[in-house]
Amino acid sequence: VYHDPSQCTGQLSPSRPAQSLPLLSYEMDIRDLPNVIERLKNYEGQLLPFRFAQSPSSLQHEIDIRDLPNSGIKIEQQPKSKKQPEGSEVIFELKVQEQDKYSYQWLKDGAELEGKCDAILILDNVELREFGCYKCRVCPRENFGINCESSRAWLDVVPKVQNATRLKKFIEVDLSTCDSVALYLNKDLLPGLGGYRQAAAVFGMTSDMIGALETCKSPGQEVIEFLKATKPDITVYTVFKQLKDDKMRRFDIAKILENHLTITESEV
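Read on for an overview of the structure. (Residues numbered from 1 in each chain as written. Predicted model: local features only at pLDDT ≥ 70, side-chain atom pairs only at ≥ 80, totals over all residues. Heavy atoms only, no water.)

Section: the overall build of the protein
Where we set the bar: Helix and strand definitions here come from DSSP, where helices need a minimum of 4 consecutive H or I residues and strands a minimum of 2 consecutive E residues; each element is numbered from the N-terminal end. Note on classification: 1.4 Å probe, protein chains only; a residue is buried when its accessible area is under 20% of the maximum for its type, exposed when over 50%, partly exposed between these limits.
From N to C terminus, the protein includes seven helices and 16 strands. Taken over 268 residues, the protein has a buried fraction of 42%.

Let's talk about unusual backbone geometry
One non-glycine residue, N125, lies in positive phi territory at about 50°. One can find N125 in the loop between β11 (120-123) and β12 (132-140). Non-glycine residue R249 carries a positive phi angle of around 55°. By the element assignment, R249 lies in the loop between α6 (236-244) and α7 (251-257).

What about the packing of helix α2 (residues 175-186) against helix α5 (residues 219-230)?
Filter applied, for reference: Lines fitted to C-alpha atoms define the axes here, with helix axes fitted over just the stretch in contact, and angles between the N-to-C directions of these axes take values from 0 to 180 degrees. Any angle that is under 35 degrees is reported as roughly parallel, and any over 145 degrees as roughly antiparallel; angles of 65 to 115 degrees are reported as roughly perpendicular and all others as oblique. Should the near helix be turned anticlockwise from the far one by less than a right angle, the crossing is left-handed, and should it be turned clockwise, the crossing is right-handed. When checking whether two residues touch, look at their non-hydrogen atoms; a contact exists if any pair is within 4.5 Å.
It is the contact of α2 with α5, at a shortest axis distance of 7 Å, that shows an interaxial angle of 125°. In terms of orientation, α2 lies oblique with respect to α5. Where α2 crosses over α5, the handedness of that crossing is right-handed. In contact with L175, C178, D179, V181, A182, L185 and N186 of α2, α5 contributes P219, G220, Q221, I224 and K228.

Quick word on the state of the cysteines
Linking two cysteines covalently via their sulfur atoms produces the bond known as a disulfide. The following threshold applies: Here, two cysteine sulfur atoms that lie within 2.5 Å of each other are counted as a disulfide.
Overall, the coordinates contain zero disulfides when judged by the stated rule. C136 takes part in no disulfide bond, and the closest cysteine sulfur, belonging to C148, lies 8.6 Å away.

Some details on α2
Put simply, the rule is: One fewer than the residue count of a helix, multiplied by 1.5 Å, yields its expected span. Directions are taken from the helix axis to each C-beta atom, and the arc is the one they span.
Taking 1.5 Å per residue as the helical rise, α2 with its 12 residues ought to reach 16 Å, and the 16 Å between its terminal C-alpha atoms agrees with that figure. All of the buried residues along α2 are T177, C178, V181, A182 and L185. Projected onto a plane normal to the axis of α2, the buried residues spread over an arc of 140° and lie on a single side. Among the exposed residues of α2, those pointing more than 90 degrees away from its buried face are S176 and L183.

Re the pattern of salt bridges
Here is the rule we go by: Here a salt bridge means any side-chain nitrogen of Lys or Arg lying within 4 Å of a carboxyl oxygen belonging to Asp or Glu.
Under the counting rule described, the total for this entry stands at 17 salt bridges. For R137, the salt bridge goes to E149, with nearest N and O atoms at 3.7 Å. Of this pair, R137 sits in strand β12 while E149 is found in strand β13 (residues 148-149), placing the two residues 12 residues apart along the sequence. Across the pair, E149 and R137 agree in class, each one buried. The salt bridge involving D252 is made with R250; its shortest N-O contact spans 2.9 Å. One continuous salt-bridge network, built from bridges that share partners, spans E112, K135, R137 and E149.

Right, here's the structure in full:
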């Protein structure tokens, strides 16, 4: 990127990847380039534009990520996406060259799964709430400063038909929970996360309706009311899955709905 990398040691370099990448912008330290290469490897062959701080003579550069240093971690088999019925056993497997040299940490929706530190992830009696995006972080046991992450694997959990329990409809969610969802939709967000505008589009609002949300006191609340009015039969589980989709990536809101996915006949 620089003819003499020592000139930029310690500087932060905010970068703005192309629209095809999941994040719009982020910052990284030049010294961390060897550590992030594996995270970028899914975009091999694409050019990433970088804008360097404190570098007026080099405002923008393009680098091919194939030219970045490699961590040396060789993943031979990536975890694969699965569609499994509720209550079944799910297994995600990762294979790495010289497997015993590395430590492992599985993540779900970007958060570490406590105690899931093997190359194989086993989920027993899987529940609807375990729908989501899984991946594994791999680190050399002798150097925790270097790591790479596997590709993402989605787990789609198919609801199990039960006599006394069914999927809850979104219109059956209590007002307090709906208010919390609306509040989170209204919040200012980091790039790459969907707010009320993206939610409105996902739930079927027209561009004119989305534009009108700008003048609303609580646009998130308007989106919720629109969803209830136009899709009275939509289930919480469907909304839960839409919130985790790449168009939204709102795992925080999905977390609020985790305890509202099903309902028993006695609760109706």
